[in-house]
Amino acid sequence: MEQRPITKVIRKQTERTNEMEHSSPLFLTSSFCFDNTEDMRAAFADETDDNIYSRFSNPNVKEFVDRVCLLEGAEAGYATSSGMSAVFASFMAFMKQGDHLLSCSAIFGSTHTVITKFLPRYGIEYSYVNSSKPGEWEAAIRPNTKMIYIETPTNPGLEIIDLEFVSSLAKKHNLILNVDNCFATPVSQRPVDFGADLVVHSATKWMDGQGRVLGGVVVGKKELIQDIYLFCRSTGPALSPFNAWLLSKSLETLDVRMERHAANAMKISEALKDHPKISWLKYPFLPGHPQYKIAKKQMRDGGGIVCFELKGGVESGRKFLDNLQMLSLTANLGDTKSIASHPASTTHAKLTEKERQDVNITPGLIRISVGLEHSDDILNDILQALEK
Ligand SMILES: Cc1ncc(COP(=O)(O)O)c(C=O)c1O
């Protein structure tokens, strides 16, 4: 009987060495040796897939990528030093001067900066489509559109985009569909199953899950990943073997961790949704979420992020954060420790007020990355901070 993806992920690892280790060893080496010039020539000529240099490939990085491919149901992948280098490579390996990128408007702040400030320097055009208005997507496609880029759920507004719908548009117009799957993780949502060509991740978040290292990965169709590999091999955003070793080990527990993160997030959402100091609360698996039906169609669970708007705007938001006693104020998400953040003054501060409004980043928006502490303790800290 065919093994389930999670079993394959846990059992897939670098070939055992003569030491007969059970857990994968760390290949902390910049380069690899050859017995003779002929073997070295063949490796450089791509006649073998022997490791040459850790900017190109490394056993720990390969193990991490292979595991992400199994989780995502993807053919191939390349791992990078951070989520942003994965996002950037997934643009630059395919886009050239005169091409157009169509993106959902609600995206992570640094991705927004890349799209609006850096891509135009290379003559790459872009336009945004309101994530919650699917009717606008097809009209925004131009003759020079090359790629559709989406995040779902979006950071930080938790909007859900219908993967099946966007994928059918991409197919119809022969475009590359590139999905940032960081918030859902592959244990909850597999964009490839809905027709995505590329899937990018900040492995720094839930994949590491313990706030230790930066990492990124792009997976997808083999021929597209070959272009990403060639771009990265020359430009150098390689994932360090140490980070790959750590991230790969973390993938063994991703499924079980995400189950608990999502269960905690659901409990907290239900307990807070009608709180008198909160004007609205969003969680993809709460029936009141505007795209609840789509979330249910394409996700296993609602993920580990909850967001809400405090009555009283910026001031209430700041007061709430200052009153928290246990939740951390830190610029990360996807940790065992619960984290609270205020996107308008931090991750999305570089957007104009109008741009923030367009992507529903309201002044009092609070994002909670729900950790693995007991849900009652997380909730009690939020409640006491609200009540002060
Ligand atoms: C959705 C999303 N994509 C990409 C990134 C960038 O990842 P990294 O910080 O690993 O570069 C982040 C970081 O928060 C993110 O939330």
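Parameters at a glance
- Within any chain, residue numbers begin from 1 and follow the written order of that chain's sequence.
- Reporting of local features is limited, given that this is a predicted model, to residues whose pLDDT is at least 70; pairs of side-chain atoms are given and counted only at 80 or more, and all residues count toward the totals for whole chains, interfaces and linings.
- The side-chain values count all of the structure's non-hydrogen atoms but skip hydrogen atoms and water molecules.
- Runs of H or I in DSSP of at least four residues are treated as helices and runs of E of at least two as strands, each being numbered from the N terminus.
- Radius of gyration means the value over C-alpha atoms here, while the globule rule gives 2.2 Å times the residue count to the 0.38 power.
- Type-normalised accessible area, obtained with a 1.4 Å probe on protein chains alone, sets the label of each residue: buried when under 20%, exposed when over 50%, and partly exposed for intermediate values.
- By definition in these notes, contact holds between two residues if any of their heavy atoms fall within 4.5 Å.
- Note that accessible areas follow from Shrake-Rupley with a 1.4 Å probe, and for residues the cover is restricted to the protein chains shown.
- Near, as used in this document, describes a residue that has one of its heavy atoms within 4 Å of the molecule or strand being considered.
- Nitrogen and oxygen atoms within 3.5 Å of one another constitute a polar contact, given that in protein one can donate a hydrogen and the other can accept it, and given that sequence-neighbouring residues count only through two side-chain atoms.
- Note that Gly is not counted as nonpolar here; it falls among the polar residues with everything else outside the nonpolar set of Ala, Val, Leu, Ile, Met, Phe, Trp, Tyr, Cys and Pro and the charged set of Asp, Glu, Lys and Arg.
- Being paired, for any two strands, means DSSP has found at least two bridges between them.
- Comment: axis = line fitted to C-alpha atoms, over the contacting stretch for helices; angle = value between 0 and 180 degrees taken between N-to-C directions.
- In what follows, salt bridge is the name for a side-chain nitrogen of Lys or Arg lying within 4 Å of a carboxyl oxygen of Asp or Glu.
- Patches here are clusters of residues that have more than 30% relative accessible area and form no salt bridge, with a 9 Å joining cutoff for like charges and a 5 Å cutoff for nonpolar side chains (Val, Leu, Ile, Met, Phe, Trp, Tyr).

1. Section: the overall build of the chain
Thinking step 1. Regarding its fold elements, the chain presents 13 helices and twelve strands.
Thinking step 2. Here the chain has a C-alpha radius of gyration of 21 Å; the compact-globule value for 388 residues is 21 Å, and the two agree.
Thinking step 3. In terms of overall dimensions, the chain has a C-alpha envelope of 75 × 55 × 40 Å along the principal axes.
Thinking step 4. The buried share among the 388 residues of the chain stands at 55%.
Thinking step 5. By sequence separation, contacts in the chain at least 24 residues apart represent 73% of the contacts at least 6 residues apart.
Thinking step 6. Surface summary for the chain: the accessible area is close to 17,000 Å², and the carbon and sulfur share equals 53%.

2. A short note on the site of the ligand
Thinking step 1. In the vicinity of the ligand, 13 residues are found, and the nearest of them are Gly83, Met84, Asp180, Ser202 and Thr204.
Thinking step 2. Separating an oxygen atom of the ligand from a backbone N or O atom of Gly83 is a distance of 2.8 Å.
Thinking step 3. Here an oxygen atom of the ligand sits 2.8 Å away from a polar atom, N or O, in the main chain of Met84.
Thinking step 4. The fraction of the free accessible surface of the ligand (390 Å²) that becomes covered by protein chains is 91%.
Thinking step 5. For the shell around the ligand, the residue count by class is four nonpolar, six polar and three charged.

3. Thoughts on helix α8 (residues 241–251)
Thinking step 1. Burial of α8 is extensive: eight of the eleven residues sit out of reach of the surface.
Thinking step 2. Among all positions in α8, only Pro241, Asn243, Ala244, Leu246, Leu247, Ser248, Ser250 and Leu251 are buried.

4. Considerations on the sheet that holds strand β7 (residues 216–220)
Thinking step 1. Pairing is mixed in the open sheet, where seven strands are placed in the order β1-β7-β6-β5-β4-β2-β3. Looking along the sheet, the strands with just one partner apiece sit at the ends: β1 (76–80) and β3 (125–129). Strand-to-strand twist across the sheet, computed as the mean angle between neighbouring axes with direction ignored, equals 20°.
Thinking step 2. Of the pairings in the sheet, the one linking strand β2 (residues 100–104) to β3 comprises five bridges and is parallel in character.

5. Topic: helix α2 (residues 37–44)
Thinking step 1. With a side-chain oxygen positioned 3.2 Å from the backbone nitrogen of Glu38, the residue opening α2 is Asn36.
Thinking step 2. Just downstream of α2, Asp46 is the residue with a positive phi angle, here 60°.

6. Considering the pattern of salt bridges
Thinking step 1. Scanning all chains against the criterion turns up 19 salt bridges.
Thinking step 2. Overlapping salt bridges, with partners in common, bring together Glu63, Arg67, Lys249 and Glu252 in one network.

7. Details of the sheet that holds strand β10 (residues 328–329)
Thinking step 1. One open sheet accounts for five strands, arranged β8-β9-β12-β11-β10; its pairing is mixed. Pairing within the sheet leaves two strands with one partner each, and these edge strands are β8 (278–282) and β10.
Thinking step 2. Where strand β9 (residues 305–310) and strand β12 (residues 365–369) come together, five bridges link them in antiparallel fashion. Note on β12: the bridge partner recorded for Phe308 is Ile366.
Thinking step 3. Each of β9, β10, β11 (339–341) and β12 is contacted by helix α11 (residues 313–323), which is oriented at about 130° to β9, the strand it contacts most.

8. What about a nonpolar patch on the surface?
Thinking step 1. Among the surface-exposed residues, Leu26, Leu28, Phe242 and Trp245 lie close enough to one another that they form a single nonpolar patch of about 360 Å² accessible area.
Thinking step 2. Mapped onto the elements, Leu26 comes out in the loop between α1 (5–11) and α2.
Thinking step 3. Judged by its relative accessible area of 34%, Leu26 falls in the partly exposed class.

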